[in-house]
Amino acid sequence: MAERREFRLGQWQVLPDRRLMIRADDEVRVRPRAMDVLALLASRPGEVVTRDDFAQEVWAPAVVTDNSLNRCIAELRRALDDTSSDPGYIETIPRRGYRLMREPEYPEAAASDDARTLLPDVPSVRSIAMLPLRVLGEGDVELLAEGLLHEVLTSLALLGELQVISATSVYRYRDTVRTAGQIAVELGVHWLLQGAIQKADSRIRVNLQLVDARRDRNSWARVYEQPIDMDHLFGIQAEIAGDVAASLRARIGPEARKSIESVPTRSREAYEAYVQGRTLWNSRADHGLRRAEELFRRAVAIDPEFAEAWCGLADALGMLYDYGYESNRAVVTKAESALNRALELKPDLVDALASRGALLSGIRQYQASIQALRRAIERSPGLPLAHNWLSWTSALIGDACQAEASGIRAAELDPFSIEGQSNRALGHLARGDFTAARRVAAHTLVLQPDFNTAALYQAIAAWNLDEFEEVISLLEGQSVNWAGAGAEAVLALARLRLGQHAVAERLAVTIAESGYRFEAGLVRMAMDQPQETRRLWSALDDLDYFPLMSLHYGWFEDIFDRGQGTVDVDRLWVLARRVVAG
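Rules of the game
Residues numbered from 1 in each chain as written. Predicted model: local features only at pLDDT ≥ 70, side-chain atom pairs only at ≥ 80, totals over all residues. Heavy atoms only, no water. Helix = DSSP H or I, 4+ residues; strand = E, 2+ residues; numbered from the N terminus. Rg over C-alpha atoms; globule rule 2.2 N^0.38 Å. Buried < 20%, exposed > 50% of the residue type's maximum accessible area, 1.4 Å probe, protein only. Contact = heavy atoms within 4.5 Å. Areas by Shrake-Rupley, 256 points an atom, 1.4 Å probe, with all protein chains shown as cover. Expected span 1.5 Å × (residues − 1). Axes fitted to C-alpha atoms, helices over the stretch in contact; angles between N-to-C directions. Parallel < 35°, antiparallel > 145°, perpendicular 65-115°, else oblique. Left-handed = near helix turned anticlockwise from the far one by under 90°. Nonpolar A, V, L, I, M, F, W, Y, C, P; charged D, E, K, R; others polar. Core = buried A, V, L, I, M, F, W, Y, C linked by side-chain atoms within 4.5 Å. Salt bridge = Lys/Arg side-chain N within 4 Å of Asp/Glu carboxyl O. Polar contact = N/O pair within 3.5 Å; in protein donor to acceptor, adjacent residues only side chain to side chain. Pairing = 2+ DSSP bridges. pLDDT = per-residue confidence, 0-100. Phe/Tyr/Trp six-rings, centres within 6.5 Å; stacked < 30°, edge-to-face > 60°. Lys NZ or Arg CZ within 6 Å of the ring centre and 35° of its normal.

*Asks:* Would you take a moment to explain the overall build of the protein chain for this structure?
*Replies:* From N to C terminus, the protein chain includes 27 helices and 13 strands. Expected size for 582 residues packed as a compact globule is a radius of gyration near 25 Å; at 26 Å, the protein chain falls within 12% of this value. Principal-axis analysis of the C-alpha atoms places the extent of the protein chain at approximately 90 × 55 × 45 Å. Residues counted as buried form 56% of the 582 residues belonging to the protein chain. Contacts spanning at least 24 positions in sequence make up 61% of the contacts within the protein chain whose residues lie at least 6 apart. Counting only carbon and sulfur atoms, one obtains 46% of the accessible surface of the protein chain, whose full area is about 24300 Å².

*Asks:* How should I be thinking about helix H3 (residues 66-80) in this particular structure?
*Replies:* Since the α-helix packs 3.6 residues into each turn, any two residues three or four apart lie on the same face. The end-to-end C-alpha separation of H3 is 21 Å, in line with the 21 Å expected for 15 residues at 1.5 Å each. Listed in full, the buried residues belonging to H3 are Ser68, Leu69, Arg71, Cys72, Ile73, Glu75, Leu76, Arg77, Ala79 and Leu80. Of the residues trailing H3, aspartate 81 is marked for its positive phi of about 55°.

*Asks:* Could you clarify how one ought to interpret the packing of helix H22 (residues 501-513) against helix H23 (residues 517-526) in this entry?
*Replies:* Packed helices, taken two at a time, are described by the angle their axes make and the gap between the axes. As a packed pair, H22 and H23 sit with axes 8 Å apart at the nearest point and diverge in direction by 155°. On the basis of their axis angle, the class for H22 and H23 is roughly antiparallel. The two elements H22 and H23 cross, and the hand of that crossing is left-handed. Within the contact between the two elements, H22 uses Ala504, Glu505, Ala508, Val509, Ile511 and Ala512 and H23 uses Glu519, Ala520, Val523 and Arg524. Of the residues contributing to the contact of H22 with H23, the split by class is seven nonpolar, no polar and three charged.

*Asks:* I keep staring at the nonpolar core and nothing clicks. Help me out?
*Replies:* As a rule of thumb, soluble globular proteins bury nonpolar side chains together. Leu193, Val490, Trp537 and Met549 are the most contacted members of the largest nonpolar core, which has 180 residues in total. Contact partners of tryptophan 537, with chain neighbours within four places excluded, come to Arg517, Phe518, Gly521, Leu522, Phe560, Val567, Val569, Arg571 and Leu572. If you look at the next biggest cluster of nonpolar residues, it comprises 27 residues, including Ala34, Trp59, Cys72 and Ala79.

*Asks:* Please clarify how the side chain of aspartate 82 should be interpreted in this entry.
*Replies:* For aspartate 82, the position within the fold is in the loop between H3 and strand S6 (90-93). Apart from residues lying up to four places away in sequence, aspartate 82 is in contact with Arg77, Pro87, Gly88, Tyr89 and Ile90.

*Asks:* What is the right way to look at the pattern of salt bridges in this model?
*Replies:* Close approach of charged atoms lets side chains of opposite charge pair. In this structure the tally under the stated criterion is 30 salt bridges. A salt bridge links arginine 203 to glutamate 225; the nearest nitrogen and oxygen atoms lie 3.2 Å apart. A residue pair is termed long-range when its members are at least 10 positions apart, and arginine 203 in strand S12 (residues 203-212) and glutamate 225 in strand S13 (residues 217-227) qualify at 22 residues. Among the residues examined, arginine 203 registers a relative accessible area of 33% and is labelled partly exposed. The salt bridge partner of arginine 438 is glutamate 470, with a shortest N-O separation of 2.4 Å. You can see arginine 438 sitting in helix H18 (residues 434-447) and its partner glutamate 470 sitting in helix H20 (residues 468-475), a full 32 residues away along the chain.

*Asks:* So what exactly am I meant to see when it comes to the side chain of serine 369 here?
*Replies:* Tracing the sequence through the fold places serine 369 in helix H14 (residues 366-379). Within the structure, serine 369 has its side chain in polar contact with the backbone oxygen of glycine 357 (distance 2.6 Å). Look past the residues within four positions of serine 369 in its chain and what remains in contact with it is Gly357, Leu360, Ser361 and Thr393.

*Asks:* Is there a simple way to think about helix H4 (residues 142-157) in this case?
*Replies:* With 16 residues, H4 extends 23 Å between its outermost C-alpha atoms, agreeing within 8% with the 22 Å of an ideal straight helix rising 1.5 Å per residue. Of all 16 residues in H4, twelve are buried, a share of seventy percent or more. For H4, every residue scored as buried is listed here: Leu144, Ala145, Glu146, Gly147, Leu148, Leu149, Glu151, Val152, Leu153, Ser155, Leu156 and Ala157.

*Asks:* What should I look at first to understand the environment of alanine 309 in this one?
*Replies:* With respect to the helices and strands, alanine 309 occurs in helix H11 (residues 307-322). Classification of alanine 309 as buried rests on a relative accessible area of 0%. Leaving out residues up to four positions away in the same chain, alanine 309 has contacts with Tyr274, Phe296, Ala299 and Val300.

*Asks:* Explanation requested: the sheet that holds strand S5 (residues 48-50) in the structure shown.
*Replies:* Adjacent strands of a sheet form backbone hydrogen bonds with each other and so pair up, either parallel or antiparallel. Ordered in space as S5-S7-S6, the three strands form an open sheet in which the pairing is antiparallel. Of all strands in the sheet, those with a lone pairing partner are S5 and S6, marking the two edges. Neighbour to neighbour, the strand axes of the sheet diverge by 30° on average, direction disregarded. Relative to strand S7 (residues 97-100), S6 runs antiparallel, the two being bridged by four bridges. The partner of threonine 92 across the bridge, within S7, is tyrosine 98. Against the sheet, helix H1 (residues 32-43) contacts S5, S6 and S7, and its axis sits at roughly 65° relative to S7. Against the sheet, H3 contacts S6 and S7, and its axis sits at roughly 150° relative to S6.

*Asks:* Sorry if this is basic, but what is going on with the confidence of the model for the protein chain here?
*Replies:* Where the model shows low pLDDT, its predicted coordinates should not be examined in detail. When the pLDDT values of the protein chain are averaged, the result is 87; 94% of them are 70 or greater. When mean pLDDT is compared element by element in the protein chain, helix H21 (residues 486-497) scores highest at 96, while strand S4 (residues 26-29) scores lowest at 75. Below pLDDT 50 for its whole length, residues 109-122 participates in ten contacts with residues either more than four positions away or in separate chains.

*Asks:* Help me understand unusual backbone geometry in this model?
*Replies:* It is generally the case that most residues other than glycine have a negative phi and that most peptide bonds are trans. Even without being glycine, arginine 249 reaches a positive phi, approximately 55°. Here arginine 249 is to be found in the loop between helix H7 (230-247) and helix H8 (254-260). Arginine 249 gets classed as exposed once you look at its relative accessible area, which sits at 68%. Positioned with a positive phi, aspartate 466 is a non-glycine residue whose angle comes to about 65°. When you line up the elements, aspartate 466 lands in the loop between helix H19 (452-464) and H20.

*Asks:* Help me understand the sheet that holds strand S1 (residues 7-9) in this model?
*Replies:* In spatial order, the strands read S1-S2-S3-S4; together these four strands make up an open sheet with antiparallel pairing. Of all the strands in the sheet, just S1 and S4 have a single pairing partner and so form its edges. Taking the axes of each pair of neighbouring strands and ignoring which way they run, one obtains an average angle of 25° across the sheet. Across three bridges, the pairing between strand S2 (residues 12-15) and strand S3 (residues 20-23) is antiparallel. By the bridge assignment, leucine 15 is partnered in S3 with leucine 20.

*Asks:* Please clarify how the packing of aromatic side chains should be interpreted in this entry.
*Replies:* Here a ring pair, both rings aromatic, is described through the centre-centre distance and the interplanar angle of the planes. This model, assessed by the stated rule, comprises 18 aromatic pairs. Relative to phenylalanine 468, the ring of tryptophan 463 has its centre 6.3 Å away and its plane inclined at 70°; by these criteria the two rings are edge-to-face. Assigned by exposure class, tryptophan 463 and phenylalanine 468 land together as buried. For the ring pair tryptophan 537 and phenylalanine 560, a centre distance of 5.9 Å and an interplane angle of 45° mean the geometry is tilted. Here phenylalanine 560 lies in helix H26 (residues 557-563) and tryptophan 537 lies in helix H24 (residues 530-538), a separation of 23 residues in the sequence. The same class applies to tryptophan 537 and to phenylalanine 560, which are both buried. Here the aromatic residues Trp463, Phe468, Phe518, Trp537, Phe546, Phe556 and Phe560 are joined through ring pairs into a cluster of three or more. Sitting over the ring of tyrosine 89, arginine 102 keeps its end group 4.4 Å from the ring centre. When the ring centre of tryptophan 281 is taken as origin, the NZ or CZ atom of arginine 278, which lies over that ring, is 4.9 Å away.

Pasting the structure below:
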């Protein structure tokens, strides 16, 4: 395969891994196979690249038809404003192949995209995790302990100089017998903050140690003691964040300090409902999200000025819709209303910026979503939610590099988060690294065996690696709400590859009866039924998540290639571009 580095070709900047060409204010996205053809031509400027070369370098082991190659060349010429009669970029060499007429320019000092995706062997000296506090003695302080953990980590995540592991990942160490060194290795951090909390009469006492886990020694041990009320609880959180920042030589800017020292609510009952809601929301499961919604509603009913709880309510409602648990668009309106209320109360709330990005992504305003998420990351570089949604939304618009980079970053910040790990797997799928995608998705299923999104990602990777029995074991009886009939379609494709045509036929009928025309057409095309595919695809006037990504990343491109000349695949690309453009 030809080199995939970014290069300049005449007036165009070509980004192969993003399937993107940029000129002044123009951006043109091409199909994966077409970009592979251009990359091969660019690797041999001035030389004739034969049809056999293209077959071997771009399509092997699949068999390519002349029509498939011709279509890629025509697509590239349209993108480059080139013509076959008066070529400026790609010249046809009759009965032989094609020649690139310009010399590509590669940046001499360009950093490899892959370099950004490598995980460090040694953690940063400014990487830290705070473990769940042990509760000592009598007293109902468990939820306060959980809330304090969340607030400290949220505060530290505002400091761009620190890498802070999310609360989602540290909860697993609540009653652990692992040593500090073992935990640090598993979380990929240098420092651990650990200790205990207890109620003493009307006061609360927190004992903490900052541990240099790599050297197995305490840096300091301190006691924080205050009356039990919300002002003083958040005061303890601010003290701890300040002490940690000073110890790790991290600067707290004015905006971060203002956020760290704020008091979200003075109602303990509202705060405890909020903490419980956030824990359940992290499950991403239907029942967990619905219970989280109830708890957030309870929190704002008790304290209508609690901006963070309004933001939590928006997150729960938005995710119910986006994950397909709720199909009524009125849910989105309610989420928007809750989010607007949060921002009215606290315009600089970082969580609300990330939530706005997530909500905009769910209603297909992708560019606006990305802008909101980038603003959230600028304000709080260690916010896993923002990196997760940036990864997902980038995958939807075809930006494979950003999808993978953000997925990796989210997984670094929250290594035991199923969402972070599944987005990392999706990023690898987008980049065509099926071995890595399969490994990460399998790991995600270990974390949560019933997380069917990870099963679908592993199955797509396995299908592209010709592991069809694995696909069947992963997807038999599975359905993934947000992916339409994507899981059922991949299962049918695997059955076909194993010669199980009758089973695939039954699946194709079921998929079509369910109204998923893209997925049904994909299976029919694989069954060499172009007329039925044409009937199904010609009725499409919209594309959802699974069709969008299937087109962007060419996971089933040999099936699309089979239909060239008999099925208007170009029309699907027109639909995809319309959806992405909003």
